[in-house]
Amino acid sequence: MEFIAQYEAEVRLTVFLVVLSAMISAEAAWPRRARVQERGSRWPINFAFMIIASIVLRLAAPVLSVAAAMLAEERGWGLLNAVDLPVWAEVAIALVILDLALYGQHRAMHAVPVLWRIHKVHHTDLDLDATSGVRFHPVEYVLSALYKVIIVLFLGPMAAAVILFEIALNGFAVFNHANLHLPRWIDAPLRLFFVTPDMHVVHHSVTGDETNRNFGFCLTVWDRLFASYQGQPALGHRAIKIGVAGWRDPATVTFRSLMVTPFTKLRPGETYRPGETPTAKAS
Ligand SMILES: [Zn+2]
């Protein structure tokens, strides 16, 4: 635990790179879907978002939440600082509650038009693979970091638990976006507890209301509990269409257009929230 706390940034980066390279290799060996776009058009965009996030936040999203955990502990703030539990129980509770908090954040990103403007950047990827897990607008990274600080101040988890959560979150984001064909005998038992690629791809479908399904990052319990779970995409894994209405032409999905889209007019066919029927007055 102390080792992780001391070398937090290095441990996170190492785990992230290991999971990313493992997933990229696995995708090459066992792809789930045929690509619709060359990786050369998508990867620079996804990595650009990752690099910007690292610079803007200096990997500060976790640093901020870890600092908040230390402050809460020092001042005795938050639920978990008010009770006396064994370390393992405190860590487990913290991980589960933080995951629930992010599930809530993700639902809000889809339900509130101004937040969807930012979050849709993540959904504009026309293919889904491990690199999609880092494709987020810088504003989303910042909002998410601030939101986690607030959650941590109320929850009062140990700093080590927050670090573990950030590592798990990074790893799961890369894993559950992977274009990876897991055999049923792995996928089925795994998704009883954890989000799998076959489950998360439903969330990136343009079909009907599928974008508003499977919001979970790590645990599947929240989608089951709050009735947002959908087992498989309606069109199946071969025919599924990935992306956002209004952003299906690869030529118009550029890094520049994605950076400015939260602040500019909606495109024809776009809606204020995902899954809505487009109206003419959208602007
Ligand atoms: Zn989403």
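Every value quoted in this text rests on a predicted model; they were computed, and no experiment measured them.

**Notes on the side chain of lysine 120**
Move 1: Tracing the backbone shows lysine 120 in helix H7 (residues 113-123).
Move 2: Classification of lysine 120 as buried rests on a relative accessible area of 0%.
Move 3: Side chain to side chain, lysine 120 and threonine 261 meet in a polar contact 3.1 Å long.
Move 4: Leave out the neighbours within four places in its chain, and lysine 120 touches Val244, Trp247, Thr261, Leu266 and Glu270.

**Section: the layout of surface pockets**
Move 1: Of the volumes computed, that of the second largest pocket is approximately 230 Å³.
Move 2: Looking at the second largest pocket, it is lined by 14 residues, and the ones nearest its centre are Arg33, Ala34, His237, Arg238 and Ile240.
Move 3: Class assignment of the residues belonging to the lining of the second largest pocket gives a composition of six nonpolar, two polar and six charged.

**Some details on the coordination of the zinc ion**
Move 1: Looking at the zinc ion, one finds its protein donor set to be His106 (NE2), His110 (NE2), His119 (NE2), His123 (NE2) and His203 (NE2), positioned 2.1 to 2.3 Å from the metal centre.
Move 2: Mapped onto the polypeptide sequence, the residues donating to the zinc ion form the spacing pattern H-x3-H-x8-H-x3-H-x79-H. Of the two residues, histidine 106 and histidine 110 both sit in helix H6 (residues 87-111), four residues apart, roughly one turn of that helix.
Move 3: The class of histidine 106 is buried, set by a relative accessible area of 3%.

**Structural notes on the packing of H6 against helix H8 (residues 138-155)**
Move 1: Between H6 and H8, the least distance of the axes is 11 Å, while the angle of their chain directions is 140°. Viewed along their axes, H6 and H8 adopt a mutual orientation that is oblique. For the crossing formed where H6 meets H8, the hand is right-handed. For the pair H6 and H8, contact is made by Ala94, Ile97, Leu98, Ala101, Leu102, Gln105 and Met109 and by Glu140, Leu143, Ser144, Tyr147, Lys148, Ile151, Val152 and Leu155, respectively.

**Comments concerning the packing of H7 against H8**
Move 1: Contact geometry of H7 with H8 gives a least axis separation of 8 Å together with a crossing angle of 120°. In terms of their interaxial angle, H7 and H8 are classed as oblique. Residue-level inspection shows Leu115, Ile118 and His119 of H7 in contact with H8, the latter providing Val139, Glu140 and Leu143.
Move 2: The residue inventory of the contact of H7 with H8, partitioned by class, reads four nonpolar, one polar and one charged.

**So, the environment of alanine 173**
Move 1: Its place among the elements puts alanine 173 in helix H9 (residues 159-177).
Move 2: In this structure the C-alpha to C-alpha distance between alanine 173 and serine 132, which are 41 residues apart in sequence, comes to 8.3 Å.

Definitions and cut-offs
Residues numbered from 1 in each chain as written. Predicted model: local features only at pLDDT ≥ 70, side-chain atom pairs only at ≥ 80, totals over all residues. Heavy atoms only, no water. Helix = DSSP H or I, 4+ residues; strand = E, 2+ residues; numbered from the N terminus. Buried < 20%, exposed > 50% of the residue type's maximum accessible area, 1.4 Å probe, protein only. Polar contact = N/O pair within 3.5 Å; in protein donor to acceptor, adjacent residues only side chain to side chain. Contact = heavy atoms within 4.5 Å. 1 Å grid on protein atoms, 1.4 Å probe; cavity = no way out; pocket = protein on both sides within 12 Å on 5 of 7 lines; lining within 4 Å. Points joined across faces, edges and corners; volume = space filled by probe spheres on them. Nonpolar A, V, L, I, M, F, W, Y, C, P; charged D, E, K, R; others polar. Donors = N, O, S within 2.8 Å, 3.2 Å for Na, K, Ca; no water. Axes fitted to C-alpha atoms, helices over the stretch in contact; angles between N-to-C directions. Parallel < 35°, antiparallel > 145°, perpendicular 65-115°, else oblique. Left-handed = near helix turned anticlockwise from the far one by under 90°.

By themselves, these figures tell us nothing about what the structure is for.
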